[in-house]
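# A structural walkthrough
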Amino acid sequence: MKKISIILSCALGLLATACDDAPATAPVQSNPQPPVMTSDDVVTAPAGVLTATGLVKLEDYAATSFIPMMKVEKAEDMPEGAYVAYQIEIAKAADMAGSKLVWVEPREANPDLGFTPEEGIAYASTETFNTAMMAIFGTGIQQNTVYYRVIPYVMDGGSNFRVGADDFYPAKGTMTVTRTTPAVAVETEYYLVGSFCEWDVARAVKFDKLDPDVDQYASPVFTLMIDLPGPCAWKILPKSSYDKGTLDGSFYCNAPIGMNTSLEVSSGNDVYGYLTDAAPYLFTIDMTKQSCTILFAIDAMYVPGQGSSENVFSKVFRLVTKDYINFAGVARLRNRFYFTGQDSNSGMVYSLDGDQTTDDKTGVLSGKMVLTTSTKEINKMPVDNGLFYLNANVSTLEYTATPINTIGLVGGFNKWTAEEAIAMTHSTDFLTWTAEVTVTEPTEFKFCCNNGWDINFGGTLDDIVVKTPLNDNPANLTIDAAGTYTVTLKLAPAGNTATIVAK
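Residues numbered from 1 in each chain as written. Predicted model: local features only at pLDDT ≥ 70, side-chain atom pairs only at ≥ 80, totals over all residues. Heavy atoms only, no water.

Before going further, it helps to spend a moment on the nonpolar core. Core analysis: the largest hydrophobic core is formed by 83 residues, its most contacted members being Phe283, Met301, Phe339, Ile407, Phe447 and Phe457. In terms of residue count, strand β28 (residues 381-393) provides more of this core than any other element does, 7 residues in total. Discounting residues that sit within four places of it in the chain, Phe447 has contacts with Ile407, Gly408, Leu409, Met424, Asn456, Phe457, Ile464, Leu477, Val487, Leu489 and Ala498. Within the second largest apolar cluster, 30 residues are counted, among which are Leu58, Val84, Val154 and Ala171. (Core = buried A, V, L, I, M, F, W, Y, C linked by side-chain atoms within 4.5 Å. Buried < 20%, exposed > 50% of the residue type's maximum accessible area, 1.4 Å probe, protein only. Helix = DSSP H or I, 4+ residues; strand = E, 2+ residues; numbered from the N terminus. Contact = heavy atoms within 4.5 Å.)

Moving on, we come to the pairing of strand β29 (residues 398-403). The pairing of strand β27 (residues 365-372) with β29 spans 4 bridges and is classified as antiparallel. Bridging across to β29, Ser366 finds its partner in Thr400. The pairing of β28 with β29 spans 6 bridges and is antiparallel. Among the inter-strand pairings, Ala392 is bridged to a residue of β29, identified as Tyr399. Connecting β28 to the antiparallel partner β29 that follows it, the hairpin turn spans 4 residues, and Leu397 within it adopts a positive phi of roughly 60°. (Pairing = 2+ DSSP bridges.)

Applying the stated criterion across every chain yields a total of 15 aromatic pairs. Ring centres of Phe115 and Tyr123 lie 5.1 Å apart, and the angle between their planes is 85°; on these two criteria the pair is classed as edge-to-face. Of the two residues examined, Phe115 and Tyr123, each falls in the buried class. A centroid spacing of 6.4 Å and a plane angle of 85° characterise the contact between Phe207 and Phe283, whose relative ring orientation is edge-to-face. You can see Phe207 sitting in the loop between β11 (205-206) and β12 (208-209) and its partner Phe283 sitting in strand β19 (residues 279-286), a full 76 residues away along the chain. For the pair formed by Phe207 and Phe283, the shared burial category is buried. In textbook terms, an aromatic cluster arises when at least three aromatic residues are bridged by ring pairs, as seen for Phe66, Phe115 and Tyr123. (Phe/Tyr/Trp six-rings, centres within 6.5 Å; stacked < 30°, edge-to-face > 60°.)

Cis geometry is adopted by the peptide bond preceding Pro231, which originates at Gly230 and carries an omega value of -5°. By secondary structure assignment, the location of Pro231 is in the loop between β13 (221-228) and β14 (232-238). Positive phi, normally seen in glycine, also occurs at Trp199, with a value near 60°. Inspection of the secondary structure puts Trp199 in the loop between β10 (190-194) and β11. At Lys415, a position not held by glycine, the phi torsion is positive, near 55°. Residue Lys415 is classed as exposed on the basis of its relative accessible area of 74%.

Take helix α2 (residues 126-137) next. Here α2 is 12 residues long and its end C-alpha atoms lie 16 Å apart, about the 16 Å a rise of 1.5 Å per residue gives. If you check which residues of α2 are buried, you get Thr126, Phe129, Asn130, Ala132, Met133, Ile136 and Phe137. In an axial view of α2, the angular spread of the buried residues amounts to 160°, which keeps them on one side of the axis. Exposed residues lying more than 90 degrees from the buried face of α2 are Glu127 and Ala135. As for α2, its buried residues are in contact with β3 (66-75), β4 (83-91), β5 (100-105), β6 (121-125), β7 (144-156) and β9 (172-178). (Expected span 1.5 Å × (residues − 1). Arc of directions from axis to C-beta.)

Purely spatial values, then, with no claim about function.
Quick look at the structure:
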């Protein structure tokens, strides 16, 4: 009798005993792990794609829905109804870190799909395998080297028993795989054409792929910054249309600036997107989602208000950006403030849209902005007097203002412990911060805020910059010799600076 038959017989016997002689109060049960089936009991071998020497294209198995992978070579004296199945474990590295498991089982015929299984062959679901691949490698269809190992099981009813020891794998190795094509086709290149180039396809302007190092399915987002005359009509051309020199197959949308909206297929020459104002624009398209967002491509956001000035913009702090979407920086704020897209109140103005909320624990202000073209009757954001770290997103029209309650010196002299930073004293306008520090040897340091690392300053003495989402690690500053020093941080719209003066 095979091991699995013995195991099942013993289990049934124990069950009968438990039912006949059950005490009034059932004892705590202990169910020891049954012995595994040995590799001599059940012999399996790779089949189908696991024996392929070339590229495995999951697209080839999309129609029938199943991928052949393993076969049974010997399985004698199995209990009635029991069968052999497998799990294939796949990963992107040999150590199998971050692996995914996919069941590989015998399958029934499906005439509707044209699928006729071979006897003794086990198949993985194409959809399930493709989903596991995407979880590991991303959404693209590019070739990937897949590390795999196969775990065999004997399945009987609701139970399964592993064949062999925990380190036994009847098939393992690597294969090169491309995934199935996503439902929405994404081309490798896209172009903007319109009245700005007299609808000449040859003069269309190419979009940049957000991540050029991966294929268009792994990175389906494309961006273009372009200065357009106003008014301007436009369309987006896929590479296939651009190569043919035609406007057929183009896309367009019409929505307010900053709103994410669906791209539509342009059905004729009189169907196009339209922009009324002459300005630099940032187009962002996601061709998997078939969506488009158009923003004014401003280089900086200014923060006028009573903490600086509402009219003299040389006194107004500004937030910086690298992607024209997220803006961040520090500013002195008092009572009221708002944002502008230029160094004046003529043009783009971002004011409060709805209620502002304040986090009870952190004091962080957050809210929504509305884009207008005038400061008349502007709804300003209320704020307490002080220094703040600001984030603004011109796509989602959201902002936060984090109060900077303290700035301190942190470095080698206090083991880079922000909680033990040397507190600096600020001026009444919160723009000059001073502290004294004694060091016993040359050392490096930074300015940290609120006794933490979320907001910190570094760089060079002539150009002190704050950590932002686009500038994650400002450089450390240096004190060259042992001694006692007065360190001063000066914040200003024209640029932040610092001095180190020996006492």
